[in-house]
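# Inside the fold
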Amino acid sequence: GRGRPDRRDGLNFDPVAPNTEDRIVTPEGYDQSIVIRWGDAVLPGAPKFDFDKQTAAAQAKQFGYNNDFCGLVPLGWNRWLMGSNHEYTSETFMFSGYKADNPTEEQVKIGWAAHGFSVVVVEKDFWSGKLVAKLDRHYNRRITVTTEFAFSGPAAGSKYLQTSVDKTGRKVFGTFGNCAGGVTPWGTYLSGEENFDGYFANSGTASTDPRVTRYGKLGASTTRKWERFDKRFDFAKEPNEFNRFGYIVEIDPNDPNSTPVKHTALGRFKHEGANVRVARDGRVVVYMGDDERFDYIYKFVSKNRMKHGNSQRVREENKKLLSEGTLYVAKFTGDSPAAEIDGTGKLPSDGEFDGTGEWIPLASGDKSFVDGFTAEEVYVFTRLAADKVGATKMDRPEDIEPNPKTGRVYAALTNNTDRGVAAGKEGPTEINPRINNKHGHVLEWEERNNDATATKFSWKLFLVCGDPASPDTYFGGYDKTQVSPISCPDNVAFDRKGNLWISTDGNALKSNDGLFAVPTEGRYRGRVKQFLTVPKGAETCGPVIEDNFVLVSVQHPGELTNASADNPLSHWPDGGTSQPRPSVAAIWPRRGNICD
Ligand code: FEO
Ligand code: CA
Ligand code: CA
Ligand code: CA
């Protein structure tokens, strides 16, 4: 039996039980509030949100739809710049009576304005404990599908990036499909352009060019029909526009007039997110996942060293770091005999799914390391270059983050139900050991000599997710009768003590998604505890773990089969008969800190 909860793990909460409630369920002793929700004012002059009277002009001043990543850049005592992306829109939930075959121009333009990014000043109210969004005239900012971005790095200006509107190949409008991200040590946000392929139609002959098909199958029309109102979204009319999405973008919230950047040096794929570790010699290392079944894990090592200081001048220097360096892709090797990896998740005889690995260089500046590829081709068609060098096919690499205490790196591999199942696809390997991997796993690795720039490393699976009562799961070696069930890890974050926090998307255990914390060291290593659950139909994103509060993005609440704006199956967060609204929520302990 579970008996009295053991709090000696330093995480000051008792686990929340799995449930299907239409609210955020937190541990005893914790309070919660909404920081900001879809339609709330971001810029001065934003009208009050009116579900039945939406306009593109209003949306461009309001918080966008389906916020995923959330990050805080400190601005002063109990004051931060909160960055949130707006990954995608669900028009059937946004507009009553929406006609999917024939959206109006205004509905499409509301969609453009509801994508992108928001920067909002937030303050922690001393008396109530709430984190409050401020209508700050200087810092608050909206970035949308029509905001100008600049290309940076070795492929900026490439012939593959030139279009009829931008003959320079250096200027592009908008960002969409932004999933996870990170905050850099120099105070900017990184955000990954993930499922960009779904925004492009092809009214012409279907392309058979792997440079296109390796990134997606473009249909005659898209779900949102943007191609009807801007020809750049039709591949037949503007073929290179497709090559201008799929990057890591960098946004400097301290300079609200700055032009955000798309970093070609970090490659082009379905970027889940990006997180930075500063190496001992001062160079910066970026870890990145390509979230698709059987796709890869990458890292970038900068050429130059980070400068210290908080001034805008220093920040301008550091903002160049991700434009020059070396891009690598990961190859993992298991140390157990292949015959012991039977696809069931049973541990091999050495007791661990583990092994070694190497970072294979793809390109550095203008130099390509891949036969048959120029450097610019490596940066723009990165997946093809990584295929060529034999990178390891993974079970959907999502968020990746280095542990600030230990330097070890953690990657969420969310699931892959095609492994060992789909015809012609790879079967189980030691690093992706389960066929029909419904629940995903969490990978841990350590660079050789704990040097972030090393090209060799050792790895092990930290968690093999699912129902702990099932023999195909593994919780860092911890007693499985003492852990919370966890399925489909997506975002990862750390608290200041080095505990790993994991949010989930698509819980295959038939309860709501949520947020979990787990020590990575000591006698409680692997003891997963559920911190909260999100409302039904929602995915848990963000997350941000401060000492005395947690932020989560509650993305797509109520996104359930049969739901629509006219039949909402969630009424979160406003209750009653209201429409569900994606939001950022804060959760904080009534007294003390979250961990000690
Ligand atoms: Fe948008 Fe890979 O989750
Ligand atoms: Ca092994
Ligand atoms: Ca994600
Ligand atoms: Ca996901």
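Residues numbered from 1 in each chain as written. Chains lettered and ligands numbered in written order. Predicted model: local features only at pLDDT ≥ 70, side-chain atom pairs only at ≥ 80, totals over all residues.

In the annotation of an unreviewed UniProt entry, the entry for the protein reads Phosphatase, and the organism field reads Kibdelosporangium aridum.

## Quick look at the overall build of the protein
Let me state the cut-off plainly: Note on conventions: DSSP H or I runs of at least 4 residues are helices, E runs of at least 2 residues are strands, and numbering of each starts at the N terminus. For the radius of gyration, the atom set is restricted to C-alpha positions; the globular benchmark scales as 2.2 Å times the number of residues to the power 0.38. With C-beta atoms placed from the backbone, a residue is labelled by how many other C-beta atoms lie within 10 Å of its own: buried for 20 or more, exposed for 12 or fewer, partly exposed between the two. Contact between residues is assigned whenever the C-beta positions, reconstructed from backbone atoms, fall within 7 Å.
Along the protein, the regular secondary structure elements total 7 helices and 32 strands. By the compact-globule yardstick of 25 Å for 596 residues, the protein fits well, its C-alpha radius of gyration being 23 Å. Relative to its full complement of 596 residues, the protein shows a buried share of 55%. Within the protein, contacts between residues separated by at least 24 positions form 61% of all contacts whose residues are at least 6 apart in sequence.

## Considering the nonpolar core
Operational definition: Think of a nonpolar core as buried Ala, Val, Leu, Ile, Met, Phe, Trp, Tyr and Cys residues chained together by C-beta atoms that fall within 7 Å.
Within the largest apolar cluster, 156 residues are counted, with the highest numbers of intra-cluster contacts made by Leu266, Val286, Leu362, Leu443 and Trp501. A total of 6 residues in this core trace back to one element, the largest contributor, which is strand 24 (residues 456-464). Contact partners of Leu362, with chain neighbours within four places excluded, come to Leu327, Tyr328, Val329, Phe369, Val370, Val378, Ala385, Ala386 and Val389.

## Focus on the sheet that holds strand 1 (residues 30-37)
The condition is simple: A pair of strands is treated as paired once DSSP finds two or more bridges between them. Each axis is a line fitted through C-alpha atoms, taken for helices only over the stretch in contact, and angles between the N-to-C directions span 0 to 180 degrees.
An order of 1-32-31-30 is seen for the 4 strands of this open sheet, with the pairing classed as antiparallel. Edge positions in the sheet fall to strand 1 and strand 30 (539-545), since each has one partner strand and no second. With direction set aside, neighbouring strand axes in the sheet form an average angle of 25°.

## Considering helix 3 (residues 105-114)
Of all the 10 residues making up helix 3, 8 are buried; the element is thus mostly covered by neighbouring parts of the structure. Taken as a whole, helix 3 has its buried residues at Gln107, Val108, Lys109, Ile110, Gly111, Trp112, Ala113 and Ala114. Contacts from the buried residues of helix 3 go to helix 1 (56-59), strand 3 (79-86) and helix 2 (91-94). Once helix 3 ends, the next one or two residues include Gly116, with phi positive near 105°.

## Details of the sheet that holds strand 11 (residues 248-251)
With respect to topology, 6 strands assemble into an open sheet ordered 8-7-12-11-10-9, the strand pairing being mixed. Two strands in the sheet have a free side with no partner beyond their single neighbour: strand 8 (171-173) and strand 9 (178-183). The mean angle between the axes of side-by-side strands here comes to 30°, regardless of whether they run parallel or antiparallel. With 3 bridges connecting them, strand 11 and strand 12 (residues 261-263) associate as antiparallel partners. Across the sheet, residue Glu250 finds its bridge partner in strand 12, namely Val261.

## A closer look at the pairing of strand 13 (residues 275-278)
Of the pairings in the sheet, the one linking strand 13 to strand 14 (residues 283-289) comprises 4 bridges and is antiparallel in character. Within strand 14, the position partnered with Asn275 by the bridge is Tyr287.

## Notes on the pairing of strand 31 (residues 550-555)
Among the 6 residues in strand 31, 6 count as buried, and that is most of the element. Neither face of strand 31 is left uncovered, since the one carrying Val550, Val552 and Val554 and the one carrying Leu551, Ser553 and Gln555 both have all their residues buried. Where strand 30 lies against strand 31, 5 bridges are found, and the strand directions are antiparallel. Residue pairing across strands places Ile545 opposite Val550, the latter belonging to strand 31. The hairpin turn running from strand 30 into strand 31, its antiparallel successor, is 4 residues long. Where strand 31 lies against strand 32 (residues 583-589), 5 bridges are found, and the strand directions are antiparallel. Paired with Leu551 across the two strands is Ala586, which belongs to strand 32.

## Focus on the environment of Leu347
One can find Leu347 in the loop between strand 17 (325-334) and strand 18 (354-364). Given 18 C-beta atoms within 10 Å, Leu347 falls into the partly exposed group. Residues Leu347 and Thr577, spaced 230 residues apart in sequence, show a C-alpha to C-alpha distance of 49 Å. Excluding its chain neighbours within four sequence positions, the residues that come into contact with Leu347 are Glu352, Phe353 and Tyr474.

## Observations regarding unusual backbone geometry
For the bond from Trp572 to Pro573, the omega torsion is 5°, close enough to zero to count as cis. The topology assignment puts Pro573 in the loop between strand 31 and strand 32. Of note in the backbone geometry, Asn449 takes a positive phi value of approximately 60° without being a glycine. With respect to the helices and strands, Asn449 occurs in the loop between strand 23 (441-447) and strand 24. Under the C-beta neighbour-count criterion, Asn449 is labelled exposed, with 9 such atoms within 10 Å. The residue Lys510 is not glycine, and still its phi comes out positive at about 70°.

## Focus on the confidence of the model for the protein
Basically, it comes down to this: For every residue, the predictor assigns a confidence score, pLDDT, that lies between 0 and 100.
Here the protein averages 97 in pLDDT, and 99% of its residues register 70 or above. Across the interfaces of the predicted complex, the ipTM metric reaches 0.95, alongside a pTM of 0.98.

## Comments concerning the environment of His439
Among the secondary structure elements, His439 is positioned in the loop between strand 22 (409-413) and strand 23. The spatial distance from the C-alpha of His439 to the C-alpha of Asp399 is 15 Å, given a sequence separation of 40 residues. Those residues within four positions of His439 in sequence are excluded, and the remaining contacts are Asn415, Cys465, Gly466, Ser487, Cys488 and Ala508.

## Thoughts on the environment of Asn450
Structurally, Asn450 can be placed in the loop between strand 23 and strand 24. C-alpha of Asn450 to C-alpha of Lys99: the two residues are 351 residues apart in sequence and 55 Å apart in space.

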